[in-house]
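Descriptive analysis of the structure
One-letter residues, chain by chain:
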Amino acid sequence: MDATSKTMRDRAGAAVRGVLGAVSLVGGLTWILLNLGAPRPVTDMIVGVVLAIGGLVLLMPHRVPLPGRSTAAATIGAAVAGTLGGCLAESTQLGGMYVYLASRGWPSAWIARAGSGGDPATAREVAEQARWQLDAVNLAADLYFWAFVGLLLVTAAGLARRPARTPEPALAP
């Protein structure tokens, strides 16, 4: 690889890191502000904080160096494992004139099934026989959230390994 292509690749990587960092920082802070009174305040606060801190990490490459391969492996691994692990969280709702909704995923429900009937038992029975439906937008949001969790884990590990700074001696007058 020649020096020109390496420089261009470094610039492109810095641009992507800057754009993702800015979008995530602003998006995370906006998410926190918009969801202060939401029905799930703890979950929404966690999502906003993870995105905002992850955005800060991406915007400060001079303060938080990230090793390329291990960061990529951690973000991809955390995105897949977290999203699949989030399927363990199931929520069910009964609403309207007997509509039963079962959904899975955390922090966003990205797979769901529903059914309606003349009474709650029939609605639940219909829902349990229905196929699971995938919500691609919420799936992408879950993958993005869990990738940032992986990024923050790599950052924390890197900061923990960093040697402690020794204070500079004061200059004598």
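Structure: above.
This write-up is about the structure you can find in this document. In this text the structure is predicted, and so the values were computed from the model without any measurement. (Residues numbered from 1 in each chain as written. Predicted model: local features only at pLDDT ≥ 70, side-chain atom pairs only at ≥ 80, totals over all residues. Heavy atoms only, no water.)

Counting its secondary structure elements, the chain contains five helices and four strands. In the chain, the succession of α and β elements from N to C terminus is α-α-α-β-β-β-α-β-α. Computed over its C-alpha atoms, the radius of gyration of the chain comes to 22 Å, more than 25% above the 16 Å expected for a compact globule of 173 residues. Its C-alpha atoms put the chain at 85 × 45 × 25 Å along the principal axes. Long-range contacts, defined here as pairs at least 24 residues apart, represent 55% of the contacts in the chain between residues at least 6 apart. Entry remark: accessible area of the chain is about 11400 Å², with carbon and sulfur atoms responsible for 67%. Positive and negative side-chain charges of the chain, numbering 14 and 10 respectively, have mean locations separated by a distance of 13 Å. (Helix = DSSP H or I, 4+ residues; strand = E, 2+ residues; numbered from the N terminus. Rg over C-alpha atoms; globule rule 2.2 N^0.38 Å. Contact = heavy atoms within 4.5 Å. Areas by Shrake-Rupley, 256 points an atom, 1.4 Å probe, with all protein chains shown as cover. Lys, Arg positive; Asp, Glu negative; His and termini not counted. Charge placed at Lys NZ, Arg CZ, Asp CG, Glu CD.)

Here we come to the packing of aromatic side chains. Within the structure shown, the criterion is met by four aromatic pairs. Their ring planes at 80° and their centres at 5.9 Å tell us that Trp 106 and Phe 145 sit as a pair that is edge-to-face. Linking Trp 106 in the loop between strand E2 (99-104) and strand E3 (111-116) with Phe 145 in helix H5 (residues 136-161), this pair joins segments that are 39 residues apart in sequence. By relative accessible area, which is 27% here, Trp 106 ends up partly exposed. Under the relative-accessibility criterion, Phe 145 is labelled buried at 4%. (Phe/Tyr/Trp six-rings, centres within 6.5 Å; stacked < 30°, edge-to-face > 60°. Buried < 20%, exposed > 50% of the residue type's maximum accessible area, 1.4 Å probe, protein only.)

The amide bond that connects Trp 106 to the next residue, Pro 107, takes the cis arrangement and shows omega of 5°. Here Pro 107 is to be found in the loop between E2 and E3. For Tyr 98, which is not glycine, the phi torsion reads 70° and is therefore positive. Relative to the assigned elements, Tyr 98 resides in the loop between strand E1 (90-95) and E2. Residue classification places Tyr 98 among the partly exposed residues on the basis of a relative accessible area of 29%.

Our next topic: the side chain of Arg 113. With respect to the secondary-structure elements, Arg 113 resides in strand E3. Buried Arg 113, no salt bridge; nearest opposite-charge side chain is Glu 90, N-O distance 5.6 Å. A polar contact of 3.3 Å, which involves the side chain of Arg 113, links it to the backbone oxygen of Glu 128. Setting aside its immediate chain neighbours within four residues, Arg 113 contacts Tyr 100, Leu 101, Ala 102, Ala 127, Glu 128, Ala 130, Arg 131 and Trp 132. (Salt bridge = Lys/Arg side-chain N within 4 Å of Asp/Glu carboxyl O. Polar contact = N/O pair within 3.5 Å; in protein donor to acceptor, adjacent residues only side chain to side chain.)

Moving on, we get to the sheet that holds E1. What the four strands build is an open sheet, ordered E1-E2-E3-E4; its pairing is antiparallel. Edge positions in the sheet fall to E1 and strand E4 (133-134), since each has one partner strand and no second. Packed on one face of the sheet, helix H4 (residues 120-129) meets E1, E2 and E3 and runs near 140° to E3. (Pairing = 2+ DSSP bridges. Axes fitted to C-alpha atoms, helices over the stretch in contact; angles between N-to-C directions.)

This part covers the pairing of E2. Where E1 lies against E2, six bridges are found, and the strand directions are antiparallel. Directly across from Glu 90, in E2, lies its bridge partner Arg 104. In textbook terms, the turn of a hairpin is the stretch between consecutive antiparallel strands, and for E1 and E2 this stretch comprises three residues, one of which, Gly 96, has a positive phi near 55°. Sheet topology note: the E2/E3 ladder contains six bridges and is antiparallel. Paired with Arg 104 across the bridge in E3 is Ile 111.

Spatial relationships are all this shows, so hold off on functional conclusions.
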